[in-house]
Amino acid sequence: MERAKRTAEGEPGGGILRQPPAVWATAGASVVAFMGIGLVDPILPSIAQGLHATPSQVSLLFTSYFLITAVAMLVTGFVSSRVGGRRTLLAGLALVVVFAALAGTSDTVGQLVGFRAGWGLGNALFVSTSLAVIVGAAAGGSAAAILLYESALGLGMACGPLLGAVLGDASWRYPFFGTAALMAIGFLCITVFLEEQPRPARKTSLLDPIRALGHGGLASAAAAAFFYNYAFFTVLAFTPFVLNMTPYKSGAVFFAWGVLLAVFSVLVAPRLQRRLGSLTVLGGSLVLLAADVVVLGYGNHATSIVCTVLSGAFIGVNNTVFTELALGVSDAPRPVASAGYNFVRWFAAAAAPYLAPKIEEWSDVHMPFVVAGVAAVLGAVIVRVRRAALTEEAEELAPKHATEDGVGVFAG
């Protein structure tokens, strides 16, 4: 698609490294925001042990986080179009600081799950608005801004497990306090360096994202992403229990996973798209992810580690291509299309961490990965069957969306 091409080739008049302080402040806070998603991965077993909880109970840390995030997607555009991007970012950061710190004080798994829900609300407000702010403040056009945002996403996903491992080796509580401290620094930087961005001419209503899903292409992209995200978050939330490693070793595995995710998302996926076409790349990557997670579930310990790391490559490709589809396939404004798309797919991110341990309890340790593999294949089937709807008007609409302010479509 056009945006991927422009992102890879760059635009005149600026570059990814020549940005004003406001952009770097927002991008830096974005890194920490994305770190919060994988932060708990290396310490899930430690949390379960420290709070005397079962894997399915601890996995609710992801479920509450993403369930609130999914619902909040209907609210973020409504809020930011009325109070402005800067205030929305600061409100989201403030919520993350408060609830991340409270999470570190939890005495029961119920408290921790509840605080993660509040954290999810803050992260939704921040993440859904950060790309719009970066695009509005960046030098060099939208291509440089989007590349910077995607780089922040990849760096955050890679460093989150590493930070969780380093701090979690001393206590499972420390990663939460560390995140609160880093987000507080981000809050101060944005307060100092970021001026208020122009508000959109038209205010977003709560129902606009739902109406946008009436477009067949966007609905198809959201449905395929729903099944893909189920596979993605089975790997992210359930694999640490299967690997059963120390925080340091688990953090190293997911750091390598995050590095592959970042490299394939930012560097490899756009090149594959130009050579093979977006839908061909997406369908193939989903099938390869399905095969990878099934082998992960049935392999020995070393094989499971290799497949966990390798899944980052397929997830990185899928993230980028799904972003292209969601932003380019319909005529809805980018903030609205993004909110509707995210509203659907985040429900899978909420369901997978809860269902995977339950499926293990009902059957065996292999079956959660089989279900994840089937989900990824279903995503590929939707892409294949709905190919016409997914390509309809995309080429004509991509240039429009590439220059239109909007929210990010984090496909992780």
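For the structure itself, look to the data block above.
Note that the structure is predicted; figures quoted are calculated from it, not measured. (Residues numbered from 1 in each chain as written. Predicted model: local features only at pLDDT ≥ 70, side-chain atom pairs only at ≥ 80, totals over all residues. Heavy atoms only, no water.)

(A) Layout of the overall build of the chain. The helix and strand tally for the chain stands at 18 helices and 0 strands. Looking at the 412 residues of the chain, the share that counts as buried comes to 59%. In the chain, once contacts between residues fewer than 6 apart in sequence are set aside, the share between residues at least 24 apart is 89%. Entry remark: accessible area of the chain is about 14700 Å², with carbon and sulfur atoms responsible for 68%. (Helix = DSSP H or I, 4+ residues; strand = E, 2+ residues; numbered from the N terminus. Buried < 20%, exposed > 50% of the residue type's maximum accessible area, 1.4 Å probe, protein only. Contact = heavy atoms within 4.5 Å. Areas by Shrake-Rupley, 256 points an atom, 1.4 Å probe, with all protein chains shown as cover.)

(B) Summary view of the pattern of salt bridges. Within the structure shown, the criterion is met by 3 salt bridges. Among the salt bridges present, the one from R211 reaches D208, with a minimum N-O distance of 3.0 Å. Residue R211 and its partner D208 are both found in helix α10 (residues 208-212); the two are separated by 3 residues, about one turn of the helix. Taking relative accessible area as the criterion, R211 reaches 53% and is therefore assigned exposed. (Salt bridge = Lys/Arg side-chain N within 4 Å of Asp/Glu carboxyl O.)

(C) Expanded view of the packing of aromatic side chains. Taken as a whole and judged by the stated rule, the model has 15 aromatic pairs. Note on Y65 and W119: the rings are 6.4 Å apart at their centroids and 75° apart in plane angle, and the pair reads as edge-to-face. Placement of Y65 in helix α5 (residues 60-83) and of W119 in helix α7 (residues 109-137) is noted, with a sequence separation of 54 residues between them. Neither Y65 nor W119 differs from the other in exposure class; each is buried. Taking the centre distance of 5.5 Å and the plane angle of 50° together, the rings of F238 and F369 count as tilted. Linking F238 in helix α11 (residues 216-243) with F369 in helix α16 (residues 367-385), this pair joins segments that are 131 residues apart in sequence. Geometry around F78 places R82 over its ring, the cationic atom sitting 3.8 Å from the centre. A cation over an aromatic ring shows up here: R345 above the ring of W346, its NZ or CZ 4.3 Å from the ring centre. (Phe/Tyr/Trp six-rings, centres within 6.5 Å; stacked < 30°, edge-to-face > 60°. Lys NZ or Arg CZ within 6 Å of the ring centre and 35° of its normal.)

(D) Spotlight on a nonpolar patch on the surface. Where nonpolar side chains cluster on the molecular surface, the patch consists of V75, L206, L207 and I210 and spans about 310 Å² of accessible area. By secondary structure assignment, the location of L207 is in the loop between α9 (174-193) and α10. (Patch = residues over 30% accessible without salt bridge, like charges linked within 9 Å, V, L, I, M, F, W, Y side chains within 5 Å.)

(E) Quick peek at the environment of Y354. As for its placement among the helices and strands, Y354 is situated in helix α15 (residues 334-362). Each C-alpha atom, one on Y354 and one on T234, is 9.1 Å from the other, the two residues being 120 residues apart in sequence. Apart from the residues within four sequence positions on either side, Y354 is in contact with S59, L60 and T63.

(F) Examining the nonpolar core more closely. Counting 116 residues, the largest nonpolar core has I47, F66, F176, I190, F233, W257 and F322 as the members making the most contacts within it. It is α11 that provides the largest number of residues to this core, a total of 15 residues. For I190, the contacting residues outside a window of four places in its chain are A25, T26, A29, R86, L89, L90, L93 and F126. Listed in part, the 5 residues of the second largest apolar core include F238, L296, C307 and A356. (Core = buried A, V, L, I, M, F, W, Y, C linked by side-chain atoms within 4.5 Å.)

(G) Spotlight on α16. The end-to-end C-alpha separation of α16 is 27 Å, in line with the 27 Å expected for 19 residues at 1.5 Å each. Looking only at α16, the buried set comprises P368, F369, A372, G373, A375, A376, G379, A380, I382 and V383. Buried-residue contacts for α16 involve α11, α13 (278-298), α15 and α17 (387-391). (Expected span 1.5 Å × (residues − 1).)

(H) Representation of the environment of V344. Tracing the backbone through its elements, the reader meets V344 in helix α15. When its relative accessible area of 23% is taken as the criterion, V344 is described as partly exposed. Counting along the chain gives 274 residues from V344 to A70, while the straight-line C-alpha distance between them is 7.1 Å. In contact with V344, not counting residues within four places along its chain, are L213, A222 and F226.

(I) Fine view of the side chain of S80. Structurally, S80 can be placed in helix α5. A residue is classified by how much of its surface remains accessible, and S80, at 14% relative accessible area, is buried. Setting aside anything within four residues of it in sequence, one finds S80 in contact with G85, T88 and T129.

(J) Up close: the packing of helix α6 (residues 85-104) against α7. It is the contact of α6 with α7, at a shortest axis distance of 7 Å, that shows an interaxial angle of 155°. With respect to α7, the element α6 is oriented roughly antiparallel. The chirality of how α6 crosses α7 is left-handed. Of the residues in α7, those in contact with G85, T88, L89, G92, L93, L95, V96, F99, A100, L102 and A103 of α6 are L112, F115, G118, W119, L121, G122, N123, L125, F126, T129, S130 and V133. Of the residues in the contact of α6 with α7, the class split is 15 nonpolar, 8 polar and no charged. (Axes fitted to C-alpha atoms, helices over the stretch in contact; angles between N-to-C directions. Parallel < 35°, antiparallel > 145°, perpendicular 65-115°, else oblique. Left-handed = near helix turned anticlockwise from the far one by under 90°. Nonpolar A, V, L, I, M, F, W, Y, C, P; charged D, E, K, R; others polar.)

(K) Expanded view of the packing of α5 against α15. Put simply, α5 and α15 touch, their axes get as near as 8 Å, and they point 165° apart. On the basis of the axis angle, α5 is roughly antiparallel to α15. Regarding α5 and α15, the two cross each other, and that crossing is left-handed. The segment α5 lies against α15, with L60, F62, T63, F66, L67, T69, A70, V71, M73 and L74 engaging A339, N342, F343, W346, F347, A349, A350, P353 and Y354. Across the contact of α5 with α15, the residue classes tally to 16 nonpolar, 3 polar and no charged.

All we've got here are geometric facts, nothing functional implied.
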